[in-house]
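Here is what each chain is made of, one letter per residue.
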Amino acid sequence: MALPKLISVEDFFSPPARTAATISPDGTRLAFLAPWKNRLNVWVQSLDRHSDEPRCVTADDNRSVFHYEWTDDPRWLIYLQDTNGDENWHIHRVDLDDPDADAVNLTPFPGAMALHLREVKNGRTTIMLNNRDATQFDVHELDVATGELTLVAENPGGVSSWLSSDKGDLFATSLTPDGDLELSRWDGAALRPITSFEGTDYPIGIHPMVVTPDGTGLWMGSSRGTDRTRLVRVDLTTGEEIEVDSHAELELDPRAVVSAIMPQPLIQDRRTGELLGVRYLGERQVIHALDSEFADVLANLEKLSDGDIGRLSSDENGRRWVVGFNHDRDPGVTYLYDHSTGENRLLFRPLPHLDPEHLAPMRPVTITSRDGLALHSFLTLPVGVQPQGLPLVLSVHGGPWYRDSWGFDAGVQMLANRGYAVLQVNFRGSTGYGKSFTKAAIGEFAGKMHDDLIDGVNWAVEQGYADRDRVAILGGSYGGYAALVGVTFTPDVFAAAIDYVGISDLANFMRTLPAIARPHLANNWHAYVGDPDDPAQLADMMARSPINRVDAIRTPLMVIQGANDVRVVQAESDNLVNALRDRGVTVEYLVQTDEGHGAVNPENVIEMWHAISRFLGRQLGGRV
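Here's a quick rundown of the structure. Given the structure is predicted, the values throughout are model-derived calculations rather than measurements. (Residues numbered from 1 in each chain as written. Predicted model: local features only at pLDDT ≥ 70, side-chain atom pairs only at ≥ 80, totals over all residues. Heavy atoms only, no water.)

### Observations regarding the overall build of the chain
Operational definition: Strands are runs of DSSP state E lasting at least two residues, helices are runs of H or I lasting at least four, and both sets are numbered from the N terminus onward. Classification of residues uses two cut-offs on accessible area relative to the type maximum, computed with a 1.4 Å probe and protein chains only: under 20% is buried, over 50% is exposed, and between them is partly exposed. Contacts are assigned to residue pairs with any non-hydrogen atoms lying within 4.5 Å of each other. Methods summary: accessible areas were calculated by the Shrake-Rupley approach with a probe of 1.4 Å, and residue burial reflects only the protein chains presented.
Within the chain one finds 11 helices and 36 strands. Principal-axis analysis of the C-alpha atoms gives the chain an extent of 60 × 60 × 50 Å. In the chain, buried positions account for 56% of the 624 residues. The contacts of the chain with a sequence gap of at least 6 include a subset with a gap of at least 24, amounting to 55%. About 24100 Å² of surface is accessible on the chain, with carbon and sulfur atoms providing 47% of the total.

Now the structure itself:
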């Protein structure tokens, strides 16, 4: 047996040929992302089999576009873009009727962030914008055609997020002084409380939260009185909570909480907004159909692939559907399905140059922690070799209020192709496994959260998959913090470590978060780690900060940082690297000047993974 042919870093990380397709409301056109000048941009094409070539309708040659949507006017399309990773999103408009017209920035306020709250209907949408006060989102109505902005509500202070009905009624979530989440109605001058929820149950907010089409209720994920999040309807007058749907074992899919690119847990009718289906996530995805006609559609869509349904859109009549599939070895395969005829056709494979047979299956495994928790994890083993005594990469997800899930991960596949076993552990604090599992992380940074990772390594060694002397830890954001904890608290476990935009100083991290985020830390970082303004809590978090244990580092270390990162600022990495170099310790340091909290531009992603491949090859002996 032998490893399959070496697949280049470029083949794994160059932009996909096409991806992220959605159908227009009238069902005649397809929009998707594809490269233009080596950046993903929005393209539009007729769905007629004999249509003309697709047309690129955005022209951003600086940074890839990821977030776009149709409007209800066939002339306009909107998309979001920031500046070199600063996360200050601006809303841009594209004129589909005028190929020569440039995109228009509808929120051209330097240093401000704009996010729309609902789909564009009758040419208008409601947006949140912090151009008045960087710490507060106000609400404006935006006329897409003219660009006119009308102030609807000035934040009275403390509102973390707004919601809007199609009729324009406004609702808000705010943090109480005790860190709970309060749901209120905006009466035009002040907030009127409706109900509240325990803050630590929702460390990064309540998701989903969708105003019902009639404007009288709110569909939301609730764990009130239960451990698992279920879908409920909250009456927006009385606050009464009624269950809409639940799963006996699984929670609502939590991934869209931190990534708008991920599938939303609620599937709604394109025209009416009524609820069609609900997504749950375990080892694989489960969709509950709540509408009989959609149940028929779903049954036919699921026949198209053995992957999980990902991005899904339909025309306003619910007749034509465009569906992309999540898959561990053949990602994003996208089909057009016509429910009136039962016909379907393959539209594209995003990565047609990758042979699924040469890629490695991602296998769910459950590991028992030393104190008895079930750690739902994923193991990827290289193809073509005996799965015994392999070099192992422990890949740690960010958040930490997130989770690893089954599907294609280009980094994992690149590592497996080079001969590494890759283990992804959903340690305590991860979401999607019940609130008690998430809350088990309170006070456990660099404690039991890290023990879970070490228990995963020990499991892989005991099962015979991994060579104990050739184990690396790699992660970004919280995962980067975990990598640094690994080399400062448990240096004997790891032969190499890669910290990507990771936290080295917990107090500095909290104090340098963007202004819009700092007022809302009470139910997450303060509750789980501590408040740096409290001397006793500050002392504890400093004891859990790798920057104060650099003398323990003897493991070969690589640090990667985006210069424009607003979540984990460059000082987090600079201070660590400087402290090591002052001791004469060699550390590889890659700073990407035009990136933020995660590389986007293809040349930077490719540069980073080439560096990772070389570094691990030297330390663990894998292919480069």
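Following the structure, the description resumes.
### Structural notes on the sheet that holds strand β8 (residues 104-105)
Across a sheet, paired strands are connected by hydrogen bonds in the backbone, their directions being either parallel or antiparallel. Rules: A strand pair is defined by DSSP finding two or more bridges across the two strands.
With antiparallel pairing, the 4 strands of this open sheet are ordered in space as β5-β6-β7-β8. Among the strands making up the open sheet, the edge pair consists of β5 (67-70) and β8. As defined by bridge partners, strand β7 (residues 90-95) adjoins β8 across 2 bridges and the pair is classed as antiparallel. Within β8, the position partnered with Arg93 by the bridge is Val104.

### Here we look at the sheet that holds strand β4 (residues 55-56)
Strand order in the open sheet made by the 4 strands is β1-β2-β3-β4, with antiparallel pairing throughout. Two strands bound the open sheet, and with one partner strand each, they are β1 (19-23) and β4. Bridge count between β1 and strand β2 (residues 29-36): 3 bridges; the pairing is antiparallel. Looking across to β2, one finds that Ile23 is bridged to Leu30.

### Some remarks on the nonpolar core
Heads up, the rule is: Remark: nonpolar core denotes a set of buried residues (Ala, Val, Leu, Ile, Met, Phe, Trp, Tyr, Cys) joined through side-chain atoms within 4.5 Å.
Among the nonpolar cores identified, the biggest contains 60 residues, and Leu394, Leu423, Phe445, Trp525 and Leu576 are the most heavily contacted of them. Once residues lying within four places of it in the same chain are set aside, the contact partners of Leu394 are Leu423, Val425, Leu453, Val457, Ala472, Ile473, Leu474 and Phe494. Among the nonpolar cores identified, the runner-up in size contains 33 residues, and Val9, Ala410, Ile498 and Tyr500 belong to it.

### Here we look at helix α5 (residues 448-462)
Here is the rule: Helix span is expected to be 1.5 Å times the residue number reduced by one.
Helix length check: α5 (15 residues) gives 20 Å between terminal C-alpha atoms against 21 Å at 1.5 Å per residue, within 8%. In terms of burial, α5 is a largely internal element, 11 of the 15 residues being buried. Listed as buried for α5 are Met449, His450, Asp452, Leu453, Ile454, Asp455, Gly456, Val457, Trp459, Ala460 and Val461. At its buried positions, α5 is contacted by β29 (362-368), β30 (374-380), β31 (390-396), β32 (421-425), β33 (466-476) and α6 (478-489). Just past α5, the residue Gly464 takes up positive phi, approximately 90°.

### Some words on the packing of α5 against α6
Using the following cut-off: Fitted lines through C-alpha atoms give the axes, limited to the stretch in contact for helices. The angle between two N-to-C directions lies from 0 to 180 degrees. Roughly parallel means an angle under 35 degrees; roughly antiparallel means over 145; roughly perpendicular covers 65 to 115; every other angle is labelled oblique. Put simply, Ala, Val, Leu, Ile, Met, Phe, Trp, Tyr, Cys and Pro go in the nonpolar bin, Asp, Glu, Lys and Arg in the charged bin, and everything else, Gly too, in the polar bin.
α6 packs onto α5 with a crossing angle of 75° between their chain directions and a minimal axis gap of 11 Å. Here α6 runs roughly perpendicular to α5, going by the angle between their axes. Where α5 approaches α6, its residues Met449, His450 and Leu453 are matched on the opposing element by Tyr478, Ala482, Val485 and Gly486. Considering only residue class, the contact of α5 with α6 consists of 5 nonpolar, 2 polar and no charged.

### Here's the deal with the side chain of Thr126
This is how it is decided: Throughout this description, a polar contact denotes any pair of N or O atoms lying within 3.5 Å of each other; where both atoms belong to protein, one of them has to be capable of donating a hydrogen while the other can accept it, and for residues adjacent in sequence the pair is counted only when both atoms sit in side chains.
On the secondary structure map, Thr126 appears in strand β10 (residues 124-133). Overall, the relative accessible area of 6% leaves Thr126 in the buried class. A distance of 3.4 Å separates a polar atom in the side chain of Thr126 from a polar atom in the side chain of Ser164. With near-sequence residues (within four places) excluded, Thr126 lies in contact with Leu115, His116, Leu117, Arg118, Val139, His140, Ser164 and Leu170.

### What about the packing of aromatic side chains?
Note on aromatic pairs: each is described by the distance of the centres and the angle between the planes. Rule in force here: Between the rings of Phe, Tyr and Trp (Trp by its six-membered ring), a pair exists once the centres lie within 6.5 Å; its type follows the angle of the planes, with under 30 degrees stacked, over 60 edge-to-face, and the other angles tilted. Whether a charge sits over a ring comes down to the Lys NZ or Arg CZ being within 6 Å of the ring centre and within 35 degrees of the ring normal.
Taken as a whole, this structure holds 17 aromatic pairs when the rule is applied. Here the aromatic residues Trp401, Phe427, Phe445, Tyr478, Tyr481, Phe509, Trp525 and Tyr528 are joined through ring pairs into a cluster of three or more. The lysine or arginine in question, Arg93, covers the ring of Trp76, its NZ or CZ lying 4.5 Å from the ring centre. The ring of Trp406 carries Arg284 above its face, with NZ or CZ at 3.7 Å from the centroid.

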